[in-house]
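# Analysis of the macromolecular model
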Protein chains: 2
Amino acid sequence: MGTAATVYDVAERSGVSIATVSRVYRQPESVRKQTRERVLGVARELGYVPSGNARGLASRSTGVLGLCFPDYADPGAEAEASEAGESDDDAMLYSDQIIRGMERAARRNGYALLIAASLEEGPEGLVHKVAGRVDGFAVLAGTVPAGELAAIARRMPIVVLAGPGGERRTDLLDHVEVANEDGQEEITRHLIEEHGVRRPAFVGAGAESPDGEARFRGYRRALLAADLPAPSEPDLRVGMMTRAEGARAAEILLDRAGGAPEAIVFANDQMAVGALHALEGRGVRVPEDVAVTGFDGIPLGRLVRPGLTTVRQPMRQLGEEAVNLLVGRLNGGLAGERVSKVLPVSLVRRQSCGCGTAPR
Amino acid sequence: MGTAATVYDVAERSGVSIATVSRVYRQPESVRKQTRERVLGVARELGYVPSGNARGLASRSTGVLGLCFPDYADPGAEAEASEAGESDDDAMLYSDQIIRGMERAARRNGYALLIAASLEEGPEGLVHKVAGRVDGFAVLAGTVPAGELAAIARRMPIVVLAGPGGERRTDLLDHVEVANEDGQEEITRHLIEEHGVRRPAFVGAGAESPDGEARFRGYRRALLAADLPAPSEPDLRVGMMTRAEGARAAEILLDRAGGAPEAIVFANDQMAVGALHALEGRGVRVPEDVAVTGFDGIPLGRLVRPGLTTVRQPMRQLGEEAVNLLVGRLNGGLAGERVSKVLPVSLVRRQSCGCGTAPR
DNA sequence: GTGAAAGCGCTAACAT
DNA sequence: ATGTTAGCGCTTTCAC
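Residues numbered from 1 in each chain as written. Chains lettered and ligands numbered in written order. Predicted model: local features only at pLDDT ≥ 70, side-chain atom pairs only at ≥ 80, totals over all residues. Heavy atoms only, no water.

### Digging into the UniProt feature "domain: HTH lacI-type" (unreviewed entry) in chain A
In this numbering, the UniProt entry assigns the feature "domain: HTH lacI-type" (unreviewed entry) to residues 5-59 of chain A. Its end C-alpha atoms 20 Å apart, residues 5-59 of chain A is made of 69% helix and 0% strand. (UniProt positions renumbered as here; feature names shortened; annotations may be inferred. Helix = DSSP H or I, 4+ residues; strand = E, 2+ residues; numbered from the N terminus.)

Here it is as structure tokens:
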């Protein structure tokens, strides 16, 4: 690569000072038209591109918003890729949707978007790489230790996505999540009220997953409201929430002592889809013998047979809200009060719950 | 936001020089463990985050790769959103796939990814914003005037995606594209040889679309090879390549003087899907009355009935190759010779061409 | 309207 | 192993 042309080069060649060159870009109006055009001409000729770094250093702002997500933002993505073959390309991952939402919103606000997935590094890791180059950023919950975030949050706005709800309000972090609890309650109630389910089972995530726990709470709330026995723990917990785990979970529940449940409520779609396969393999009919529901609203849920009844999360909007929050802070608004936003989810009724079939 | 802590603050509080603070981050090994930990402690305590800008300025590199794409990277995306309702969320756009591919590859190479869609700005526009903040970047063909790119390419590696093939080799730009011509030839040959089509029609893009033209060349080549009459122009050209346009095109071809074609070969999937709807609306059976093919391999093509026979483009891989090229250049390799890479595409046989149905 | 000069926060020789 | 010293390329008062 040739050596970079700088303000100095441009200034010299066009017979003005570097200050004027700078002005041509920052406040074109403040430079006489004739001078401006001369400078611009030379700039083009030299292939001059203002250094974003120098600019940022001098003006203390970058015009960039960031997004950090875990190396593994999508439960079962890898597993899916290997199982499903060609469908790998089709699957829209969470991170993709969030990225898209953020990119659009950032663009509207004149920002670019810097994305980075974790990948262990030096002393302080991923966040610093991002934090050092943006005006503010969003983090998928769990990507970064809360302590680190809190420290950085003193310098720039940060919004946590999809993380712990009203709980650990220890910090200055803004927060956007979807209504996990409400959504799970609604879908469970649907099972109970519309399909007469009275002995469902819940397959959840590890207790360390905030989303998983919130969903279980919603599930439980629905049972309680219907005067059904509500266990204090999920019937089953799995580690990865993959299709494979979902299939395994279905097998286990089918074979368990108390008899098979009337419905299996999964904490995400991946598992539910895995279960659908496993159930079909064993000749168990869905929804006639057992109803199945998921959570997330992945595209695959529409392709499987029977179609998966689930709760759709507005991931795109999540990204957009994150940007709105960041931009708001950057513009000086919202100074102070920590914001925590919950986006509504929606029930998607397909066939796996019993809809479109004779009532049980 | 509180005021930023700098190397100076950290250095002072931990009783070392700024050089040592810097070393703690750049080459941890070169600092005595005890010192290092003290510095790190103070850093954390102060909420210190190295300024990426200052870093970049001093070291002339950012650790970031960029991607520029047009505000409108996806043919028919907007149209699709309004027509299809809920499917908006599901559709995996080109840009999404490229982004995903680039992000993964970038991550593997220790880079973060900066993405920005065009949006008119100051004197020099989008590219400069990106170019000033990255070590190299990819551009979707047509996003940026070739002249600007050429100028910037003197400073940093640039790779053009999906653009003009071997043609305008005026510059230092590397280049990655998919085998448009080969793919279109193959699918056309398939129609001719497997399904006995002898009077197909081609619906292409405007002549300014390099992809569209390449596809038409492939189509033509297949006709020529089969000793069929090969027109020098597409039977129809449309502006936007949307579903609506595809539907309209189908109507026109059906009604045209010479009689309906045996097959309609569309230059992209969006149009083909639109045509499928229109045809069904008119009671024309696909593939019995007329075969239909697309190009791209969008997920929707698998959902429609009949399933759309098409050519799949490896967009993900396109992003990955772009990063590989960039990283290669940055590591000093490839110095000089302009690289132009063509990725193979693959034929996806579904039902719209006549496969899985009685031969015509 | 334009120039001069002082940083912005860090890295990278070069000393010690 | 650690400190000193120059810049890196730009923005930004403050003069002229």
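### Quick notes on the interface of chain A and chain B
At the interface, 70 residues of chain A touch 72 residues of chain B. Along the contact surface separating chain A from chain B lie 2 salt bridges. The salt bridge partner of Arg 100 of chain A is Asp 96 of chain B, with a shortest N-O separation of 2.9 Å. Linking chain A to chain B there are 20 residue pairs in polar contact (both at pLDDT 80 or more). Counting residues per element, the side of chain A that touches chain B draws most heavily on helix α6 (residues 94-108) of chain A, at 7 residues. Residues of the side of chain A that touches chain B, tallied by class, amount to 35 nonpolar, 15 polar and 20 charged. Where strand β2 (residues 112-117) of chain A meets strand β2 (residues 112-117) of chain B, 3 bridges bridge the pair, whose relative direction is antiparallel. Each bridged residue has a counterpart across the sheet, and for Ile 115 of chain A the counterpart in β2 of chain B is Leu 113 of chain B. (Contact = heavy atoms within 4.5 Å. Salt bridge = Lys/Arg side-chain N within 4 Å of Asp/Glu carboxyl O. Polar contact = N/O pair within 3.5 Å; in protein donor to acceptor, adjacent residues only side chain to side chain. Nonpolar A, V, L, I, M, F, W, Y, C, P; charged D, E, K, R; others polar. Pairing = 2+ DSSP bridges.)

### Here's the deal with the relation of the copies chain A and chain B
Mapping chain A onto chain B calls for a rotation angle of 180° and an axial translation of 0.2 Å; the resulting RMSD is 0.3 Å. Classification of the inter-copy transformation places it as that of a two-fold axis. (Least-squares fit on C-alpha atoms with pLDDT ≥ 70 in both.)

### A closer look at α6 of chain A
With 15 residues, α6 of chain A extends 21 Å between its outermost C-alpha atoms, agreeing within 8% with the 21 Å of an ideal straight helix rising 1.5 Å per residue. The element α6 of chain A is extensively covered by neighbouring structure, given that 13 of its 15 residues are classed as buried. (Expected span 1.5 Å × (residues − 1). Buried < 20%, exposed > 50% of the residue type's maximum accessible area, 1.4 Å probe, protein only.)

### A look at the protein's contact with DNA strand C
Surrounding DNA strand C, one finds 29 residues, the nearest of these being Thr 20 and Arg 23 of chain A together with Val 7, Ser 22 and Tyr 48 of chain B. At the protein interface, 64% of the atoms of DNA strand C within 4 Å belong to sugar or phosphate. With respect to DNA strand C, the side chain of Arg 60 of chain A contributes an N or O atom lying 3.3 Å from a sugar or linking oxygen. Residue Tyr 48 of chain B places a side-chain N or O atom 2.5 Å away from a phosphate oxygen belonging to DNA strand C. When contributions to the surface near DNA strand C are tallied by element, the ones reaching two or more residues are α2 (18-26) and α4 (52-59) of chain A together with α1 (7-13), α2 (18-26) and α4 (52-59) of chain B. The residue inventory of the surface near DNA strand C, partitioned by class, reads 14 nonpolar, 9 polar and 6 charged. (Near = heavy atom within 4 Å.)

### Some remarks on the environment of Ile 115 of chain A
In this structure, Ile 115 of chain A sits in strand β2. The buried category is assigned to Ile 115 of chain A, whose relative accessible area is 0%. Placed 12 residues apart in sequence, Ile 115 of chain A and Glu 103 of chain A show a C-alpha to C-alpha distance of 9.8 Å. Filtering out sequence-adjacent residues up to four positions away, Ile 115 of chain A remains in contact with Leu 67, Phe 69 and Ile 99 of chain A together with Ile 99, Glu 103, Ala 112 and Leu 113 of chain B.

### Here's the deal with the environment of Arg 221 of chain A
Residues and elements named next belong to chain A. Structurally, Arg 221 can be placed in helix α10 (residues 210-225). Along the sequence, Arg 221 and Arg 338 sit 117 residues apart, while their C-alpha atoms lie 28 Å from each other. There is a polar contact of 2.8 Å between the side chain of Arg 221 and the side chain of Glu 181.

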